Amino acid sequence: MNVRKLLTLNTQLPKLLNFQPTILRSISANIMKAPTIKMNNGLEMPAFGLGTWQSAPGEVGRAVNAAIEVGYRHIDCAMVYGNEKEIGEGIRAILDAKIVKREELFITTKLWNTFHEQDKVVDACRKSLENFGLDYIDLYLVHWPVALKTVGPYNSLLPFENAVGYDYDYVKTWKGMEECVKLGLAKSIGISNFNKEQIERVLANCTIKPVTNQIEVNLFNTEEKMIALCKQHDIIVTAYSPFSSPARPWAKSDEPMLDWKNPTLVKIAQKHNKSVGQILLRHLVQLGTVPIPKSTNSTRLRENIDVFEFQLSAEEMQQINSFNVNFRAIKAPELAELPHYPFDNWI
């Protein structure tokens, strides 16, 4: 992924939406809520979520609003996405309208690389809470094991500007994450894009275990070994880029690209009277992951979460697994030469 190029597409802070609770629809009794999964700390995570990366300013707040109305309870965010304030306004409008209670929602956000120093973690978490206008985060993740040091003002829309990479031990970062739990700022903590060695080092030095490792999982990158490793340690795998980010602007012509009309996928979808997207999301559920597809389309939001009332056969799972070529759409080349870059020695 050319992260720098993507994150410079937006050059202005998102304009906060003027949500009016009076226009919010009451939730229907026919909503499609996902089941929950118990985490290693005894708390529960919804088994399906809404991704918000690449959601356009002015759309993401309404998307969160619509997602909650159709049954989503798990919203995945990150400080670096630059949309915590807009998402927070949408969430607070829903809460003010008493459509859901705060404890029914599961809000995730992530510590950005420039705040890895142990004494900066709590302040970064508090800043995210300020952005959301919430009292606590349900799940706080270390976004990457790679640290950046700011050499000037931090800009969430240009996170690599005024930042240089350096060697900082992510185990120390984890100690700061544990402090967020002790202070009541986050109920659970986890990691993202951590490889086998990094997971095991955190586990060997922690007092609070990570509850999840959020990684890229899709038909081109099925991550069965990493899923098995995480399961062994009672760590849930959250699956980002569940369709391999087909709209990524940095895609090369020789890279695998999802073909929504692929005959194998279409045949499986027709058998179950589902869309290809639903088949691919169900595949991820049966692999043992929590998918977090991004959408701002209300019809697609409803369709995406409707994947818990059918089952793919072992043969169908094998057919979809056959697309795997261990291709990673999200490579973060800006981080590739820095200490603790995870993908050179993944598992």
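Residues numbered from 1 in each chain as written. Predicted model: local features only at pLDDT ≥ 70, side-chain atom pairs only at ≥ 80, totals over all residues. Heavy atoms only, no water.

Focus on the confidence of the model for the protein
Residues with a pLDDT of 70 or more make up 90% of the protein, whose mean pLDDT is 90. At the low end of the mean pLDDT range in the protein sits helix H1 (residues 3–7), at 44; at the high end sits strand E9 (residues 186–192), at 99. Contacts from residues 1–29, a stretch scored under 50 in pLDDT, to residues over four places away or in other chains number 67 contacts. (pLDDT = per-residue confidence, 0-100. Helix = DSSP H or I, 4+ residues; strand = E, 2+ residues; numbered from the N terminus. Contact = heavy atoms within 4.5 Å.)

A short note on the sheet that holds strand E4 (residues 74–76)
The strand order E3-E4-E5-E6-E9-E10-E11-E12 describes an open sheet built from 8 strands, whose pairing is parallel. Every other strand in the sheet has two partners, leaving strand E3 (50–51) and strand E12 (289–291) as the edge strands with one partner each. Bridge analysis of strand E10 (residues 212–216) against strand E11 (residues 236–240) gives 5 bridges, and the strand direction is parallel. By the bridge assignment for E11, Thr212 is matched with Ile236. Most of the contacts of helix H9 (residues 276–287) go to E12, to which it runs at about 150 degrees, and overall it touches E11 and E12. (Pairing = 2+ DSSP bridges. Axes fitted to C-alpha atoms, helices over the stretch in contact; angles between N-to-C directions.)

Comments concerning the nonpolar core
Tyr140 and Ile199 are the most contacted members of the largest nonpolar core, which totals 100 residues. Top contributing element to this core by residue count: H9, with 7 residues. With near-sequence residues (within four places) excluded, Ile199 lies in contact with Ile191, Phe194, Asn213, Met226, Leu229, Cys230 and Ile235. In terms of nonpolar packing, the next biggest core, distinct from the first, is built from 8 residues, Phe106, Leu141, Val211 and Val290 among them. (Core = buried A, V, L, I, M, F, W, Y, C linked by side-chain atoms within 4.5 Å. Buried < 20%, exposed > 50% of the residue type's maximum accessible area, 1.4 Å probe, protein only.)

What about the layout of surface pockets?
Any empty space left between atoms is shown by rolling a water-sized probe over those atoms. By volume, the largest pocket is sized at about 820 Å³. If you go around the largest pocket, you meet 41 residues; those closest to its centre are Trp53, Gln54, Ser241, Ser245 and Lys294. The residue makeup of the lining of the largest pocket, split by class, is 21 nonpolar, 15 polar and 5 charged. (1 Å grid on protein atoms, 1.4 Å probe; cavity = no way out; pocket = protein on both sides within 12 Å on 5 of 7 lines; lining within 4 Å. Points joined across faces, edges and corners; volume = space filled by probe spheres on them. Nonpolar A, V, L, I, M, F, W, Y, C, P; charged D, E, K, R; others polar.)

Let's talk about helix H11 (residues 314–321)
Here H11 has its buried residues at Glu316, Met317, Ile320 and Asn321. The arc that holds every buried residue of H11, seen down its axis, measures 140 degrees, which confines them to one face. Residues of H11 that are exposed and point over 90 degrees away from its buried face: Ala314, Glu315 and Gln318. Buried residues along H11 sit against helix H7 (224–232), helix H8 (263–272) and H9. (Arc of directions from axis to C-beta.)

Observations regarding the pattern of salt bridges
Scanning all chains against the criterion turns up 14 salt bridges. Across the salt bridge formed by Lys110 and Asp76, the nearest N and O atoms sit 2.7 Å from each other. Taken as a pair, Lys110 in strand E5 (residues 106–111) and Asp76 in strand E4 lie far apart in primary sequence, 34 residues in all. Two residues, Lys120 and Glu117, come together in a salt bridge whose shortest N-O distance is 4.0 Å. On the accessibility criterion, Glu117 (18% relative accessible area) is buried. What you see here is one network of salt bridges that share partners, running through Glu117, Lys120 and Lys149. (Salt bridge = Lys/Arg side-chain N within 4 Å of Asp/Glu carboxyl O.)

Considering the environment of Asn195
By secondary structure assignment, the location of Asn195 is in the loop between E9 and helix H6 (196–205). Through-space distance from the C-alpha of Asn195 to that of Asn326 is 14 Å; in sequence the pair is 131 residues apart. The contacts of Asn195, once residues within four sequence positions are left out, are Met226, Pro342, Asn345 and Trp346. In terms of polar contacts, Asn195 uses its side chain to reach the backbone carbonyl oxygen of Asn345, at 3.3 Å. (Polar contact = N/O pair within 3.5 Å; in protein donor to acceptor, adjacent residues only side chain to side chain.)

Examining the packing of aromatic side chains
Two aromatic rings are characterised by how far apart their centres lie and by the angle between their planes. Within the structure shown, the criterion is met by 9 aromatic pairs. Here the aromatic rings of Tyr341 and Phe343 are separated by 5.5 Å at their centres, their planes lie at 75 degrees, and the arrangement is edge-to-face. Here Tyr341 falls in the buried class, since its relative accessible area comes to 12%. Grouped by ring-pair contacts, the aromatic residues Trp144, Tyr341, Phe343 and Trp346 constitute a single cluster. When the ring centre of Tyr136 is taken as origin, the NZ or CZ atom of Arg102, which lies over that ring, is 4.0 Å away. (Phe/Tyr/Trp six-rings, centres within 6.5 Å; stacked < 30°, edge-to-face > 60°. Lys NZ or Arg CZ within 6 Å of the ring centre and 35° of its normal.)

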